[in-house]
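# Structure assessment
Residue-level listing of the chains:
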Amino acid sequence: MKVFNNTTKKIFLVSWVSLHQAETSTADATQLQSSHSKFDWDFLVPLRQWLDNLKVSDRLLAHRLCKFIPAQCPFERDVKVFGKTMFHIPPMCKLNPLYEEVVGLRFRAMCYLADECGEDISQYC
């Protein structure tokens, strides 16, 4: 069973323009005609699409991607003093606007190594 084929069916790609319809009351017909929809332009969409469409087809590149992209956020931790937790630093990776695409690229690299190359990827987990 190939892991990559089963999981890529669930990945949702972002479109270039997202449409948001304004909420209007049904009684005000003139306002309904003047505000059909608003366009939001996301300038990171081309970079997101490029990362989503990037094919991993080189063993060395796949190893480097798995090595340099961490499996979990390295900034998340509990600050303890004398064994007592003083405060928790949340994962800052979630603030990265390209976090999902980078993690997806790492996953595709791991799937390539496991499925196509037949290598053991337990060192990257």
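Residues numbered from 1 in each chain as written. Predicted model: local features only at pLDDT ≥ 70, side-chain atom pairs only at ≥ 80, totals over all residues. Heavy atoms only, no water.

Per an unreviewed UniProt entry, the protein goes by the name Mo-dependent nitrogenase C-terminal domain-containing protein and belongs to Trichormus variabilis SAG 1403-4b.

## Points about the overall build of the protein
The number of helices and strands found in the protein is five helices and four strands. The linear arrangement of helices and strands in the protein, starting from the amino end, is α-β-α-β-α-α-β-β-α. Across the 125 residues that make up the protein, the buried fraction comes to 21%. Contacts in the protein between residues far apart in sequence, at least 24 positions, make up 57% of those at least 6 positions apart. Carbon and sulfur atoms form 59% of the exposed surface of the protein, whose accessible area is close to 9,900 Å². (Helix = DSSP H or I, 4+ residues; strand = E, 2+ residues; numbered from the N terminus. Buried < 20%, exposed > 50% of the residue type's maximum accessible area, 1.4 Å probe, protein only. Contact = heavy atoms within 4.5 Å. Areas by Shrake-Rupley, 256 points an atom, 1.4 Å probe, with all protein chains shown as cover.)

## Some words on the pairing of strand β4 (residues 84–89)
Regular strands show a simple pattern: their side chains alternate between the two faces of the sheet. Of the strand pairs in this sheet, strand β3 (residues 77–81) and β4 are connected by five bridges, and their pairing is antiparallel. Residue V81 lies in a different strand from β4, and its bridge partner there is K84. (Pairing = 2+ DSSP bridges.)

## Quick notes on the side chain of R106
For R106, the position within the fold is in helix α5 (residues 99–116). Here the side chain of R106 touches Y124 through a polar contact of 2.6 Å, landing on its backbone oxygen. Residues in contact with R106, not counting those within four places in the same chain, are L65, C66, I69, P70, A71 and Y124. (Polar contact = N/O pair within 3.5 Å; in protein donor to acceptor, adjacent residues only side chain to side chain.)

## Overview of a nonpolar patch on the surface
There is a patch of nonpolar side chains on the surface, built from V81, F82, M86 and F87 and spanning about 500 Å² of accessible area. Note on placement: F82 falls in the loop between β3 and β4. (Patch = residues over 30% accessible without salt bridge, like charges linked within 9 Å, V, L, I, M, F, W, Y side chains within 5 Å. Salt bridge = Lys/Arg side-chain N within 4 Å of Asp/Glu carboxyl O.)

## Concerning the environment of S57
With respect to the helices and strands, the residue S57 is situated in the loop between α3 (45–53) and α4 (59–68). Relative accessible area serves as the criterion here: at 60%, S57 is assigned to the exposed category.

## Regarding α4
Inspection of α4 places A62, H63, L65 and C66 among the buried residues, and these make up the whole buried set. For α4, the angular spread of buried residues about the axis comes to 165°, placing them on one side. Pointing more than 90 degrees away from the buried face of α4 are the exposed residues K67 and F68. Looking at the buried side of α4, the elements it contacts are α5. (Arc of directions from axis to C-beta.)

## Brief notes about the environment of L60
Secondary-structure assignment places L60 in helix α4. Taking the relative accessible area as the measure of exposure, L60 reaches 44% and is therefore partly exposed. In the structure, L60 is positioned 53 residues away from L113 in sequence and 9.6 Å away in space, judged by C-alpha atoms.

## Considering the pattern of salt bridges
Counting across every chain of the model gives three salt bridges. Between D42 and R48 there is a salt bridge, and its shortest N-O distance comes to 2.4 Å. R59 is paired through a salt bridge with E119; the nearest N and O atoms lie 2.6 Å apart. Taken together, the residues R59 in helix α4 and E119 in the segment after α5 connect sequence positions 60 residues apart. The class of E119 is partly exposed, set by a relative accessible area of 24%. One continuous salt-bridge network, built from bridges that share partners, spans D42, R48 and E101.

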